[in-house]
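Next come the chains, spelled out residue by residue.
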Amino acid sequence: MQYISTRDKNLKISFEQAVKRGLAPNKGLFVPENYITLPKEFWDNLYGMSLQEIGYQVGRQYVGDEIPDDDFRQICNEVLNFDIPLVNVKDNIYSLELFHGPTCAFKDVGARFMARCLGYFSRQRNEKTVILVATSGDTGSAVANGFLNVPGVDVIILYPSGKVSEIQEKQLTTNGGNITALEVDGVFDDCQALVKTAFANFDTKDKIKLTSANSINIARLIPQSFYYYYAVSQLKRDDAVICVPSGNFGNITGGILALKSGLKVKHFVAATNANDTVPRYLETGVYTAKPSVQTISNAMDVGDPSNFERLDEIFCHSSNNFGSTISSYSFSDDATRQKMKDTYENHKYILDPHGAVGMLGIEKYLGDDKDTPGVFLETAHPCKFLDVVQQSTGITPQLPEALSRCLGKEKVSIKIDNDYKQLEKILSYRYL
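Residues numbered from 1 in each chain as written. Predicted model: local features only at pLDDT ≥ 70, side-chain atom pairs only at ≥ 80, totals over all residues. Heavy atoms only, no water.

Okay, the pattern of salt bridges next. Evaluation of the coordinates by the stated rule reveals 20 salt bridges. The closest approach of N and O atoms between Lys-411 and Glu-169, which form a salt bridge, is 3.0 Å. With Lys-411 in the loop between α18 (401-407) and β14 (414-417) and Glu-169 in helix α7 (residues 166-173), this pair connects stretches of sequence that are 242 residues apart. Residue class for Lys-411 comes out partly exposed when judged on its relative accessible area of 32%. (Salt bridge = Lys/Arg side-chain N within 4 Å of Asp/Glu carboxyl O. Helix = DSSP H or I, 4+ residues; strand = E, 2+ residues; numbered from the N terminus. Buried < 20%, exposed > 50% of the residue type's maximum accessible area, 1.4 Å probe, protein only.)

Quick look at the structure:
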């Protein structure tokens with residue numbers, strides 16, 4: 001399998017090169033040159049297949065022979081060593097719980113997969129790699145956990161000051177070791193712009209390899225396709241509508257890759273908060289980014305989603321093609337809080353604010369349809385948003401041990417302005 005840039009189809013590189021570069025030299029995003037083809041035996045045995053086996057069977061189509069089979073199977077077994085259950089919330093509505101990993105967020109899957117693939121390549125090449133990543137919440141904690149103490153890899157995380165939850169911030173800033181947190185005076189889009197500028201301008205002089213662990217990195221994106229197959233494996237039906245709470249649109253891009261490989265899904269829904277760039281695009285046919293606004297579902301506070309470029313390429317730059325596969329709706333904080341409240345009172349199911357946006361989206365799309373199964377992605381443990389959950393439902397869910405431990409640690413971060421020169425100075429001082 002080779003990978004091409006969304007901005008230059010003639011630029012073709014290997015999986016290893018795509019992982020290490022993160023972003024193409026022309027600032028394009030890497031996508032597979034072709035959609036994968038899975039054997040008939042895979043589809044015949046999908047219902048009831050384990051998550052680890054799905055990861056191995058699907059992932060090796062993207063990785064090819066760049067990682068030996070035995071090593072790649074071990075990677076999948078280590079990465080996917082927790083369950084992602086499909087839970088019936090009410091009637092025909094199901095929650096795909098993606099928060100049972102070590103940092104209690106869906107990004108554990110992608111971050112751990114990338115960490116182990118990059119660790120494998122770094123060991124083979126005996127070289128230093130620096131991960132530069134922007135986060136609106138859960139990406140940073142998942143990346144920090146996935147790469148903590150990986151030999152030959154340093155991680156620098158940029159996050160917006162005052163715009164992540166207390167637990168998320170502690171997960172970002174209490175690791176030490178090879179993990180450094182930069183607290184940026186700005187919003188997520190500013191952090192993301194700083195990272196992109198660094199990739200375009202930072203002169204490594206061949207001393208380090210600079211890459212990203214955001215969903216702009218193909219090694220983060222590929223494993224995010226695995227749990228869509230696993231949802232169908234558990235549901236044992238091929239007519240589901242799947243709703244994805246969407247901010248940077250990497251998660252739903254993983255779903256579309258699964259769809260393009262032959263996974264039978266009826267339709268996708270991208271549910272957003274007040275950051276409604278994609279819903280407006282589907283209404284008008286014109287993509288117009290705007291500054292992000294802060295909401296209670298902060299991991300989705302993205303005004304210019306990076307992965308739109310991949311989706312735009314997949315759908316041949318046509319809003320009609322896009323809309324025939326993906327519907328998109330925007331929901332307010334008030335509606336999100338009310339959904340959390342109603343779902344707990346009526347069904348005793350605790351939603352985090354992102355999952356609540358997802359449930360709103362699937363209910364809006366299905367309407368009165370009680371026959372079609374609807375699946376929404378519950379992307380983070382409710383305890384990561386304790387204040388919002390308490391205010392909305394009146395209850396305090398039990399804190400998982402992993403989250404409880406980090407709350408007792410001391411925050412360590414480096415504060416910087418929204419100024420690339422400050423980031424460049426840090427990178428130059430450390431690595432040049």
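Our focus in this paragraph is helix α11 (residues 250-260). With respect to burial, α11 is a largely interior element, nine of its 11 residues being buried. All of the buried residues in α11 are Gly-250, Asn-251, Ile-252, Thr-253, Gly-254, Gly-255, Ile-256, Leu-257 and Ala-258. Once α11 finishes, Gly-262 follows within two positions and takes phi at roughly 120°, a positive value.

Along the polypeptide, Asp-154 turns up in strand β7 (residues 153-160). On the basis of relative accessible area, Asp-154 is assigned to the buried category, the value being 16%. Polar contacts involving the side chain of Asp-154 include one to the side chain of Tyr-431, which spans 3.0 Å. If near-sequence neighbours (up to four positions away) are discounted, Asp-154 is found in contact with Lys-128, Thr-129, Val-130, Ile-131, Asn-178 and Tyr-431. (Polar contact = N/O pair within 3.5 Å; in protein donor to acceptor, adjacent residues only side chain to side chain. Contact = heavy atoms within 4.5 Å.)

Here the focus is the packing of helix α10 (residues 226-235) against α11. Packing of α10 against α11 leaves a shortest axis separation of 7 Å and a crossing angle of 65°. Contacts between α10 and α11 involve Tyr-227, Tyr-228 and Tyr-229 from the first element and Asn-251, Ile-252, Gly-254, Gly-255, Leu-257 and Ala-258 from the second. Here the residues of the contact of α10 with α11 sort into six nonpolar, three polar and no charged. (Axes fitted to C-alpha atoms, helices over the stretch in contact; angles between N-to-C directions. Nonpolar A, V, L, I, M, F, W, Y, C, P; charged D, E, K, R; others polar.)

The next thing to look at is the packing of aromatic side chains. In this structure the tally under the stated criterion is 18 aromatic pairs. Here the aromatic rings of Trp-43 and Tyr-229 are separated by 6.2 Å at their centres, their planes lie at 35°, and the arrangement is tilted. Separated by 186 residues along the polypeptide, Trp-43 in helix α2 (residues 40-44) and Tyr-229 in helix α10 bring together distant segments of the chain. The class for Trp-43 is partly exposed, based on a relative accessible area of 26%. Tyr-229 gets classed as buried once you look at its relative accessible area, which sits at 0%. Here Phe-72 and Phe-113 contribute two aromatic rings whose centre-to-centre distance is 6.0 Å and whose plane-to-plane angle is 90°, an arrangement assigned as edge-to-face. Highlighted residues: Phe-72 in helix α4 (residues 69-79) and Phe-113 in helix α5 (residues 107-125), separated in sequence by 41 residues. Across this residue pair, the class does not change: Phe-72 and Phe-113 are buried. Connected via pairs of aromatic rings, a cluster forms that spans Tyr-281, Tyr-287, Phe-308, Phe-315 and Phe-322. The aromatic ring of Tyr-56 is capped on one face by Arg-73, whose charged end is 3.8 Å from the ring centroid. Sitting above the plane of the Tyr-344 ring, Lys-348 keeps its charged end 5.0 Å from the centroid. (Phe/Tyr/Trp six-rings, centres within 6.5 Å; stacked < 30°, edge-to-face > 60°. Lys NZ or Arg CZ within 6 Å of the ring centre and 35° of its normal.)

Okay, the packing of helix α3 (residues 51-63) against α4 next. Viewed as axis vectors pointing N to C, α3 and α4 meet at an angle of 130°, and their least axial separation amounts to 9 Å. In this view, α3 runs oblique relative to α4, as classed from their interaxial angle. Judged by the twist between their axes, the crossing of α3 over α4 is right-handed. From α3, Gln-52, Glu-53, Gly-55, Tyr-56, Gly-59, Arg-60 and Val-63 reach across to α4, where they touch Asp-69, Phe-72, Arg-73, Cys-76 and Asn-77. Its residues assigned to classes, the contact of α3 with α4 comprises four nonpolar, four polar and four charged. (Parallel < 35°, antiparallel > 145°, perpendicular 65-115°, else oblique. Left-handed = near helix turned anticlockwise from the far one by under 90°.)

What follows concerns unusual backbone geometry. Phi is positive for Lys-27, close to 70°, though the residue is something other than glycine. Along the chain, the position of Lys-27 falls in the loop between α1 (15-21) and β3 (30-32). A positive phi angle, near 60°, is found at Lys-236, a position not held by glycine. Along the chain, Lys-236 falls in the loop between α10 and β10 (241-245).

The next point concerns the sheet that holds β10. Paired through their backbone hydrogen bonds, the strands of a sheet run either parallel or antiparallel. Taking strand neighbours across the sheet as the criterion, the six strands line up as β4-β5-β13-β10-β11-β12 in an open arrangement whose pairing is mixed. Both outer strands of the open sheet, β4 (86-90) and β12 (326-330), are each paired with one neighbouring strand and no more. Recorded for the sheet is a direction-independent mean angle of 25° between the axes of neighbouring strands. In this sheet, strand β13 (residues 374-378) lies alongside β10 in parallel orientation, the contact comprising three bridges. What sits directly across from Ile-242, in β13, is Val-375. Against the sheet, α10 engages β4, β5 (93-97), β10, β11 (267-272) and β13, with an angle of about 135° to β5. Running at roughly 175° to β11, α11 makes contact with β10, β11, β12 and β13 of the sheet. (Pairing = 2+ DSSP bridges.)

With that settled, consider the pairing of β4. In this sheet, β5 lies alongside β4 in antiparallel orientation, the contact comprising four bridges. When the sheet's bridge partners are listed, Leu-86 is paired in β5 with Leu-96. Between the antiparallel neighbours β4 and β5 lie two residues, among them Asp-91 with a positive phi of about 40°.

The subject of this paragraph is empty space enclosed by the protein. Scanning the entire structure with this criterion turns up two cavities of 30 Å³ or more. Roughly 260 Å³ of internal volume is contained in the largest cavity. Lining the largest cavity are 26 residues, with Phe-106, Lys-107, Gly-247, Asn-248 and Ala-299 positioned closest to its centre. Elements represented by at least two residues in the lining of the largest cavity include exactly α6 (138-147), β10 and α11. For the lining of the largest cavity, the element with the highest residue contribution is α11, accounting for three residues. When the residues that make up the lining of the largest cavity are grouped by side-chain class, the tally is 10 nonpolar, 13 polar and three charged. Its volume calculated, the second largest cavity comes out at about 40 Å³. As for the second largest cavity, its lining consists of Ser-246, Gly-247, Phe-249, Thr-272, Asn-275, Thr-277, Val-278, Met-300, Val-302 and Pro-305. (1 Å grid on protein atoms, 1.4 Å probe; cavity = no way out; pocket = protein on both sides within 12 Å on 5 of 7 lines; lining within 4 Å. Points joined across faces, edges and corners; volume = space filled by probe spheres on them.)

Remember that the coordinates give geometry; whether it matters functionally is a separate question.
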